[in-house]
Each structure stands twice: as C-alpha cells, then as structure tokens.
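Coordinates in review
This is what each chain is made of:
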Amino acid sequence: MFLRRTERRKNGKTHSYWNIVENKRLDDGRVVQRHVLYLGEINSSQAAVWRKAIAVFDEDAGRSRTLALFPEDRCEVAAGDACVVQLRLSEMRLERPRQWGTCWLAGQLWQELELDRFWADRLPPSRKRTRWDQVLQVLASYRLIAPGSEWRLHRQWFGNSAMADLLGADFGLAEEHKLYACHDLLLQHKDALFSHLVGRWRDLFNANFDVLLYDLTSTYFEVNASDLPDGSKRRHGYSRDKRSDCPQVVIALVVTPDGLPLAYEVLPGNTADSKTLRMFLGKIERQYGKARRVWVMDRGVPTEAVLAEMRNSDPPVQYLVGTPKGRLNRLEKHLLEKPWQDAREGVKVKLLAEDGELYVFAQSYDRVTKERAMRRRQLKWLWKRLRQIAAMEIAREELLMKLGAARSRAPAAWRLLDIEIDKERPSFTFALNRKKLRTTRRREGRYLLRTNLTDNDPAQLWQYYIQLVAVEEAFRNLKGDLAIRPVFHKDEKRIEAHIFIAFLAYCMQITLTRRLHALAPGLTARSALEKFAAVQMIDVHLPTTDGREILLTRYTHPEPELQLLIDRLKLRLPPQPPPRITTAAVTKADRRSEDLLT
C-alpha cells in the first residue's frame, strides 16, 4: 500500500487530497490499483504518520506467514513419500469472508433472463481482454444488492463480495475507469434489450401484453441549472419528489399489470406529461407492431387531441384513463339519474355513454373509508392549529407565515374552510364551509373514468384501472429499493446509462418478485435477498510441512429455512470450488519459525 496525492484547483487555490492505494495483481500478470481509504486534505506531518503506519503494516504482513492447519502427528509418513501431504492444525487461517449468497442469486436471475447471452454478443471483450459483459453484470448486481456509487463499488463492495469468484475473474472487473467506461457502451442496445425482454417475459411467465400501464416520474439533481450545458435534459419542471428547486429528468415507463417492464424513456425535466403519450404510442407500435392493446393511464397524461387520434386510428387504440373530479360538474346531473351497478364486492359503478366514449363513475367502499379518515384527521389538525394561531399575539407578517405553513401541511382541509384575514389588524376568522364539505363527502372514494371500450364489463374496466398501482410500485422500487438517486455522473450520456443499469436491476428484481409471488406473496424480493445474504464465502488456508499451502475456498452451508426457499425456487447450489495447492517455497525465516512452533 502507498499514499497517493491528487491536486485540484478550486476558486484559484490548489487543494491536495490524499488516498491510500494498494496494488492488486491480476490473473494475466498486470497490476492495477485499488483505492482503499480516502483521507481528504491532510498536512505534511499527518501524511508522514500515515506513511509510517502503511510501512509497518506491510512489513508485518510480510512476516506473518501461517503454515499449518492439521497436526502433522495425525499420521506417520514415510520419508520421500510425495503422495501424502502433512498438514498443521495450530496455524490454520480463515481469510477474506465475503458476500456470496446474494451475488449468486443475482447471477441466477441474470442467467434466467438470458442477459449473459444477450450482452456477450453485444459487448465483446476489448483488445486488452476486458470482459465488458461481466463489468455490466457487476454494475447491475451491485444496483440490485447494495446500490451506491461506482466509487464505493470499486473501493469497498467488490472486494467484500464473491463476484470475482462467481465470474471466474479478478479485481480487474472493478477498476474504476472500467466501471465508468462501461456506461458509454450501453445506450445503443436499449431497443434491442426491450425486444429481448418481451420474449423472456413471455417464456418465463406466459405474459400477455393486451393491457399496458403508462405513467411518468421524475428524479432530481442537486446542481445549479445555470451550470448545465445547453441542450441538457436536466431542467426545472413539475417535481414528483417535491424538489422543484432542483433540475430533474422525467422518466416515462410502460409495464404490464404484473409489473413487467417493456420500455422506458428519459425525457427533459420540463416535459409536460400530456406531451409524452403520442411519442410512446408510436415507439411501441414501431417496436412491437400494431396489436389490440388497452392503454391504462392516470389523469393528466393524455390530451383531448391524443384521445381523438387513438379513437380514430385504424385499428382504434383502446384506452382507459382517469378523469379529474372537476369534470363531474358537467356530468353529475346525468350520472345522478343512472342506477348503481355492482361491479365487484365493495365496488359500485354508474355508466354513462357520451360522444363515442363510456364514462364509468366508480365508488369503492374501501377508498371511501380511507379518504374519509384522511380528511377527518387533516381537518381536525387544521382546526386545532388555527385556534392556536388565533390565540397568539404576533405581528401580521408572522401571522401570515404561520397560516401559510398550516395551509401547506393540510391543503385538502384548508379548501373546506372559509378564512378571512383582517386587513388592518393581525387577526383572522375561520369557519367550516358546509356546502363544500357535503360536496367533498359525496365524491370521496369515487373515480370518474373514461374509455372507448364501450362493450367491456364494468368490473373488468375497474380491474384495469386499479392495476395502475403496478407502475407506481415500479417507480417506488426504482427510487427506494434500487436507489436510482443520487446520481453522481455529470456527463449526460452516463446519466442515462445509470438509469439504464437501474432498469436492468429492476428487471432482475421483478423476476425474483414474480418467482416469489407463486410461492409466498408476502415474501418480497428484498427480504429474500436479505436471507441469501447470510451465505458467506471464506478462504481456508491449510499450510503443509513441506512449505506448500492448500487453499480451500468454501461458501457456508445455508440455514434450513434458506435451504427450503432455495428448493422451492427450484434452484440448485453449485459444487464447492476445488481445492488448490501452492508450490511456492517457504523462506529460511519461515523454516526457523516453523521449527520453533513445532
């Protein structure tokens, strides 16, 4: 190990940053460097202390050579008998415990999706024999198992995992420049990957693509928009993360009702939802051809013009879309005349045909109960808070700030109150607007849907719509479990490649989720990965009396409950790696140490 200094100029001043770096020899004899520890800005005396500590560490590591595992007195060996190796027990070493179970499971998912074959054809080895397909597998597995930055993967995670053992490779897969360079090779294969996944979803889960769920989300970047280059997709826009102060990109995603992803697109952060649907309709038709598909979307995604195009196309593109409750103002009179029909247990609907479309007014008992409880809780808190503010003796400016804070915390309840602020004095009055409350109660738990599927069963239409939770769940997994942000890249293409790798990780995750769903619907992919994380790999070193050393690399035996899960998933653990024996001769100093120990 050694110290490395990196200089960086900032605000006209040169800053020196220090790292501890170690050399690692690869299988082909080359030596690469791994950043072990970041020290930051340290002074010259601190650097000298670190150099001394590293020198002591290396010297000590060079002296400590364990030579034994089993006692040599277990059996008597004839002199010169090369067929028998005597081992020593007192100096057994157990080294390099590392994560094996989750890495192996990720590899099984990678192979099940046949991504190994797909990427082997498209990412051939470089002239320096870099296996780009394996580098990508490491990146996707890392995103699935313990998402973080590429720097953390290089410095910490890869060395603590068994990815090198499972792939038959070495630390070369985690060289930092390779991790970043791999991003540059991916985006050109995005459409081919989508087509490949459709075939795998069909083969693995007998998936059909008659119903497609479409929605959008955003992810933000904590940078200044003024510092971004012209044409960057990172722009200010409507933020689903409530971070309108940060530039963002919009991610549009199409999934099946089972959450199986078909395609996605990264759009500029200021893209309006209503301007994306026409583009995606054309993309799906070009890639998968025209077919009878039902597009299910939330309100705000389609425009009236796009819906008209969908109705008038040949053949018509079928849709089911949520409609803002404000549209009830125009249709409520006609809907009141219609009778309720039972769509399913706890759900009633009213149907209204108008202008070649069918309006479905649905009422869910569960949603009524939930929304009513939310409204009551919010209104109770707001009423109490307004009484507290009214009793305060504060200036007018502070009063307005406190009222604004209360409004932002309980916006739905705020709309049910009539609040009048005195223009002269720092006081206000508030009262419940009972007419608004009655209207709100009447619309709680009710949805207005519109569709051109005029011949479908209302229960089926309702089932289509509630399946939108699948795409919302996909977004939650991408943002939460797979930690799509923070994004540490600055280059636009690498940012999109980062999202591409997160998409690959989600494909692996949803594959595991679908496998688990048939066995135990309550068992999530994350809980399964945590169970597999208990299986570790360790190196057992067995020194011999003739100066050689036997190396046994072994993964730990799974606990009974994990073995049961493995059996239920129809997986089979691989055989333990074969033992290896070194032929390196020991030094005279080691011989003397050996004599003293025996």
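Residues numbered from 1 in each chain as written. Predicted model: local features only at pLDDT ≥ 70, side-chain atom pairs only at ≥ 80, totals over all residues. Heavy atoms only, no water.

This brings us to the environment of Leu416. Considering the arrangement of structural elements, one finds Leu416 in the loop between helix H14 (411-414) and strand E13 (417-421). Among the residues examined, Leu416 registers a relative accessible area of 4% and is labelled buried. In contact with Leu416, other than residues within four places in its own chain, are Arg375, Ala431, Leu432, Asn433, Lys436, Leu437 and Thr440. (Helix = DSSP H or I, 4+ residues; strand = E, 2+ residues; numbered from the N terminus. Buried < 20%, exposed > 50% of the residue type's maximum accessible area, 1.4 Å probe, protein only. Contact = heavy atoms within 4.5 Å.)

Our next topic: the nonpolar core. Trp119, Trp201, Tyr214, Trp295 and Met310 are the most contacted members of the largest nonpolar core, which has 128 residues in total. Among all residues touching Trp295, those that are not within four sequence positions of it are Leu212, Tyr214, Val254, Leu277, Phe280, Leu281, Ile284, Met310, Val317, Gln318, Tyr319 and Leu320. Grouped together as the second largest cluster of nonpolar side chains are 14 residues, Ile389, Leu399, Ala406 and Ala413 included. (Core = buried A, V, L, I, M, F, W, Y, C linked by side-chain atoms within 4.5 Å.)

Another point: empty space enclosed by the protein. A full pass over the atoms with the stated rule returns four cavities of 30 Å³ or more. Roughly 60 Å³ of volume is contained in the largest cavity. Along its surface, the largest cavity is lined by Ile251, Leu253, Tyr264, Phe475, Leu478, Ile499 and Phe503. At the level of elements, strand E6 (248-255), helix H17 (469-481) and helix H18 (492-519) are the ones that each hand at least two residues to the lining of the largest cavity. Here the lining of the largest cavity is composed, by residue class, of seven nonpolar, no polar and no charged. Its boundaries defined by the atoms lining it, the second largest cavity holds a volume of some 50 Å³. Contributing to the lining of the second largest cavity are Leu139, Tyr142, Arg143, Glu150, His183, His498 and Ile501. Put simply, the parts of the chain that give the lining of the second largest cavity at least two residues each are helix H4 (132-145) and H18. Element by element, the count of residues in the lining of the second largest cavity is highest for H4, at three residues. (1 Å grid on protein atoms, 1.4 Å probe; cavity = no way out; pocket = protein on both sides within 12 Å on 5 of 7 lines; lining within 4 Å. Points joined across faces, edges and corners; volume = space filled by probe spheres on them. Nonpolar A, V, L, I, M, F, W, Y, C, P; charged D, E, K, R; others polar.)

Look at H17: 17 Å from first C-alpha to last across 13 residues, which is about the 18 Å you get at 1.5 Å a residue. If you check which residues of H17 are buried, you get Ala470, Val471, Ala474, Phe475, Asn477 and Leu478. Summarising the axial view, the buried residues of H17 lie within an arc of 160°, below the 170-degree limit, and thus occupy one face. Its buried side turned inward, H17 meets strand E5 (211-220), E6 and H18. Note on H17: the residue one or two positions beyond its end, Ala483, has a positive phi of about 50°. (Expected span 1.5 Å × (residues − 1). Arc of directions from axis to C-beta.)

As enumerated under the stated definition, the model contains 18 aromatic pairs in all. Their ring planes at 85° and their centres at 6.0 Å tell us that Trp119 and Phe500 sit as a pair that is edge-to-face. Of this pair, Trp119 sits in helix H3 (residues 115-122) while Phe500 is found in helix H18, placing the two residues 381 residues apart along the sequence. The same class applies to Trp119 and to Phe500, which are both buried. Summarising the aromatic geometry, the rings of Phe158 and Phe171 are spaced 6.0 Å apart at their centres and angled 70° between planes, so their arrangement reads as edge-to-face. (Phe/Tyr/Trp six-rings, centres within 6.5 Å; stacked < 30°, edge-to-face > 60°.)

As a further point, take helix H2 (residues 101-112). The terminal C-alpha atoms of H2 lie 17 Å apart, and with twelve residues this matches the ideal 16 Å at 1.5 Å per residue to within 8%. Taken together, the buried positions of H2 are occupied by Gly101, Thr102, Cys103, Trp104, Leu105, Ala106, Gly107, Leu109 and Trp110. Backbone geometry just after H2 places Glu114 at a positive phi near 55°.

Attention now moves to the side chain of Asn452. Note that Asn452 resides in the loop between strand E15 (446-451) and helix H16 (458-466). Residue Asn452 is classed as buried on the basis of its relative accessible area of 15%. Here Val317 takes part through its backbone oxygen, which lies 3.1 Å from a polar atom of the side chain of Asn452. Among the polar contacts made by the side chain of Asn452, one reaches the main-chain amide nitrogen of Tyr319 at a distance of 2.9 Å. (Polar contact = N/O pair within 3.5 Å; in protein donor to acceptor, adjacent residues only side chain to side chain.)

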